[in-house]
Amino acid sequence: MSPQSVNTRQATRQVRDVVFVDGVRTPFGKAGDKGIYHGTRADDLVVKCIRDLMRRNPSLPAERIDEVAIAATTQTGDQGLTIGRTAAMLAGLPQSVPGFAIDRMCAGAMTAVTTTAGSIAFGAYDVVIAGGVEHMGNHPMGAGADPNPRFLSERIVDPAALNMGNTAENLHDRFPAITKERADRYAVASQEKLAAAYRAGQIQPDMVPVAARRPEEGWKLHTADEPPRPGTTIDSLAELRTPFRAHGRVTAGNAAGLNDGATAAILASADAAEELGLPVKMRLVSYAFAGVEPQVMGIGPVPSTEKALAQAGLGIGDIGLFEINEAFAVQVLSFLDHFGIDQEDDRVNRYGGAIAVGHPLASSGVRLMTQLARQFEEDPSVRYGLTTMCIGLGMGGTVVWENPHHADFGKDA
C-alpha cells in the first residue's frame, strides 16, 4: 500500500462514539484486620463486579466482550498475575476474552476506562469491561515499593511527594484561604450527603452484595459501605489529631481513609450498544490527564479539567454536575476555588464522596462515573458532567460526559 493510500485511509477513519452502559461496585470496607474484607481476596471482589454486570445486562453475550481492563495500584499477590485476565476467567467469561492490568495509582479505574474507550473509538473494540480494585488491608499503600534513590538524591521530587498526607498539608500552605475549618466543614457535608443518598436509595441500586467470612463472625452478607461516619460534626472533627504535621490541618476526618473495594463498568460503541439492546447511561465527550508538582499532587484536577474542557469545546459553566474524588478536602476545595465554585454548590458531589464512602485507590474512578450516571438519570436538565481526581506523584485526570436524558443529547456530537 502506498503512503498516499495510507494517509487517505487514516483521514477517512471515523472516530466512534463511546457510551457508558453500566457500572457497579462492591461495598467499600475499612482496611485492616477489623475490616469487612479481612480474609477476602482482591480478585474475588472484582469477580463479584463482573458477574453482576453480566447479570444486569442479559442481552450482552459474554463472547462479545472484547477486553477486560482492571486496575490495581499494588500489582502483587491477589492483585497481581494480570488481574484483568485472571478475574475474567474466574468470573466465567469465555477464554476467548482477553484482559490486562493497568496502574495509574488512584486513577487506575479511570485510566482503564479511558484507555479502552480510546480503543472503542478507534474501532479495535466494540464492548469492554473496565474497572479497578484495591485491597489496602492485604496490600498497604507503598508495600513492596522501592522508589529510586535518585528521586531524593538528585532532588527530582520533594521528599513530601512520597507521602500523600504531606502533599495535602503543602496544598494548605499554598492556599492559606483553605483553612482547617473550611476543610472540616466540607467533610461534614460529605458525610451528610452520603447519608441522605442512602436514605433516598440512590447508592444501593449499583451496589453488589458481597458475602465475606471472618473467623470470629462466620459468613456475612455486606450490602452497605463500612467507612461512613454518620453524625460527624465540626466539633468532633476539631478534636482529631493532625498526623502529618504538628498543628497541621489534615486529619482522618477531612481525608479519605484506607479502604478495600472493587468497581467495574461496561463501555461500548454507540452502534454496538444499539445492536445489543444495551442501555446508554452517558456518552464520553473528552478526557485528559495532566502532570503537576508531585509535592502538591492534589491540584492535579485543575489542569486536567482545563485540558479536557478545551478538547470538548466547553467551559466550566457548561458543567452541570461534578463528581470530584475526595482524597482530601483541601484538594477538592482548591479545585472549586480555582474555578470560582462555592463549596456548598449543589452541582458538586451530590451523593457525598470519598471522605465519607472511602477510597480504595485504583477502584474509585468508576465509582465516580457510576454516581454521575445515576444523577444524570435523576436530573435530565443537566447536559454535561465530569468526573475528576488527583493522582499520586503529581497528576490529575478528568473525563467529561454527556447526559443521554437531556433534550439536546448528541446534537453537537
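Residues numbered from 1 in each chain as written. Predicted model: local features only at pLDDT ≥ 70, side-chain atom pairs only at ≥ 80, totals over all residues. Heavy atoms only, no water.

1. Section: the overall build of the protein
Line of reasoning, step 1. When its secondary structure is counted, the protein shows 13 helices and 12 strands.
Line of reasoning, step 2. The C-alpha radius of gyration computed for the protein amounts to 21 Å, which stays within 12% of the reference 22 Å derived for 413 residues, consistent with globular compactness.
Line of reasoning, step 3. On the principal axes, the C-alpha backbone points of the protein span a range of 65 × 50 × 50 Å.
Line of reasoning, step 4. Within the span of the protein, comprising 413 residues, buried residues form 55% of the whole. (Helix = DSSP H or I, 4+ residues; strand = E, 2+ residues; numbered from the N terminus. Rg over C-alpha atoms; globule rule 2.2 N^0.38 Å. Buried < 20%, exposed > 50% of the residue type's maximum accessible area, 1.4 Å probe, protein only.)

2. Focus: a nonpolar patch on the surface
Line of reasoning, step 1. A cluster of nonpolar side chains, namely Phe 151, Leu 152, Ile 156, Leu 162 and Leu 393, defines an oily patch on the protein surface of about 420 Å² accessible area.
Line of reasoning, step 2. If you trace the backbone, Leu 162 turns up in the loop between helix H5 (150-153) and helix H6 (164-174).
Line of reasoning, step 3. Residue classification places Leu 162 among the partly exposed positions, given a relative accessible area of 42%. (Patch = residues over 30% accessible without salt bridge, like charges linked within 9 Å, V, L, I, M, F, W, Y side chains within 5 Å. Areas by Shrake-Rupley, 256 points an atom, 1.4 Å probe, with all protein chains shown as cover. Salt bridge = Lys/Arg side-chain N within 4 Å of Asp/Glu carboxyl O.)

3. Some words on the UniProt feature "domain: Thiolase N-terminal" (unreviewed entry) in the protein
Line of reasoning, step 1. Using the residue numbers shown here, the UniProt feature "domain: Thiolase N-terminal" (unreviewed entry) corresponds to residues 18-270.
Line of reasoning, step 2. Taken end to end, residues 18-270 is 31% helix and 19% strand, and its first and last C-alpha atoms sit 6 Å apart. (UniProt positions renumbered as here; feature names shortened; annotations may be inferred.)

4. Examining the state of the cysteines
Line of reasoning, step 1. Taken as a whole, this structure holds zero disulfides when the rule is applied.
Line of reasoning, step 2. Note on Cys 49: no disulfide assigned, nearest cysteine sulfur contributed by Cys 106 at a separation of 18 Å.
Line of reasoning, step 3. With a relative accessible area of 0%, Cys 49 lands in the buried category.
Line of reasoning, step 4. As a non-bridged cysteine, Cys 106 has Cys 390 as the owner of its nearest cysteine sulfur, 6.1 Å distant. (Disulfide = S-S within 2.5 Å.)

5. Here's the deal with the environment of Ala 356
Line of reasoning, step 1. Mapped onto the elements, Ala 356 comes out in helix H12 (residues 354-357).
Line of reasoning, step 2. Judged by relative accessible area, Ala 356 falls into the buried class, the value being 0%.
Line of reasoning, step 3. Residues Ala 356 and Lys 193, 163 residues apart in the sequence, show an inter-C-alpha distance of 8.9 Å.
Line of reasoning, step 4. Residues in contact with Ala 356, not counting those within four places in the same chain, are Ser 190, Gln 191, Leu 194, Pro 227, Pro 228 and Glu 326. (Contact = heavy atoms within 4.5 Å.)

6. Structural notes on the nonpolar core
Line of reasoning, step 1. Ranked by size, the top nonpolar core spans 39 residues in total, and within it Phe 322, Phe 328 and Leu 336 carry the most contacts.
Line of reasoning, step 2. Among the secondary structure elements, those contributing two or more residues to this core are H6, helix H7 (180-199), helix H10 (301-312), strand E10 (319-324), helix H11 (329-338) and strand E11 (384-391).
Line of reasoning, step 3. With six residues, H11 is the single largest residue contributor to this core.
Line of reasoning, step 4. Once residues lying within four places of it in the same chain are set aside, the contact partners of Phe 322 are Ile 316, Phe 335, Ile 341, Arg 347, Val 348, Asn 349 and Leu 386.
Line of reasoning, step 5. In terms of nonpolar packing, the next biggest core, distinct from the first, is built from 38 residues, Ile 36, Met 54, Val 127 and Ala 262 among them. (Core = buried A, V, L, I, M, F, W, Y, C linked by side-chain atoms within 4.5 Å.)

7. Considerations on the packing of H7 against H11
Line of reasoning, step 1. It is the contact of H7 with H11, at a shortest axis distance of 9 Å, that shows an interaxial angle of 100°. Viewed along their axes, H7 and H11 adopt a mutual orientation that is roughly perpendicular. Listed contacts from H11 to Arg 182, Ala 183 and Tyr 186 of H7 are Ala 329, Val 332, Leu 333 and Asp 337.
Line of reasoning, step 2. A breakdown of the residues in the contact of H7 with H11 according to their chemical character gives five nonpolar, no polar and two charged. (Axes fitted to C-alpha atoms, helices over the stretch in contact; angles between N-to-C directions. Parallel < 35°, antiparallel > 145°, perpendicular 65-115°, else oblique. Nonpolar A, V, L, I, M, F, W, Y, C, P; charged D, E, K, R; others polar.)

8. Looking at the confidence of the model for the protein
Should pLDDT be low for a region, the predicted coordinates there are not to be read in detail.
Line of reasoning, step 1. For the protein, mean pLDDT is 95; residues scoring 70 or higher make up 97% of the total.
Line of reasoning, step 2. Note that pLDDT drops below 50 for residues 5-12; the model gives that stretch two contacts with residues more than four away or on any other chain. (pLDDT = per-residue confidence, 0-100.)

9. Some words on the layout of surface pockets
Line of reasoning, step 1. In this structure, the largest pocket encloses a volume near 970 Å³.
Line of reasoning, step 2. Lining the largest pocket are 35 residues, and of these Met 141, Gly 142, Leu 162, Met 164 and Leu 361 sit closest to its centre.
Line of reasoning, step 3. Taken as a whole, the second largest pocket holds about 230 Å³ of empty space.
Line of reasoning, step 4. Looking at the second largest pocket, it is lined by 13 residues, and the ones nearest its centre are Val 15, Arg 16, Ala 121, Leu 284 and Val 285.
Line of reasoning, step 5. Every element with two or more residues in the lining of the second largest pocket is listed here: helix H4 (108-122) and strand E9 (282-291).
Line of reasoning, step 6. The class makeup of the residues in the lining of the second largest pocket is eight nonpolar, two polar and three charged. (1 Å grid on protein atoms, 1.4 Å probe; cavity = no way out; pocket = protein on both sides within 12 Å on 5 of 7 lines; lining within 4 Å. Points joined across faces, edges and corners; volume = space filled by probe spheres on them.)

10. Some words on the UniProt feature "domain: Thiolase C-terminal" (unreviewed entry) in the protein
Line of reasoning, step 1. As annotated by UniProt and renumbered to match this structure, "domain: Thiolase C-terminal" (unreviewed entry) occupies residues 280-402.
Line of reasoning, step 2. Helix makes up 33% of residues 280-402 and strand 26%, and the two end C-alpha atoms of the span are 11 Å apart.

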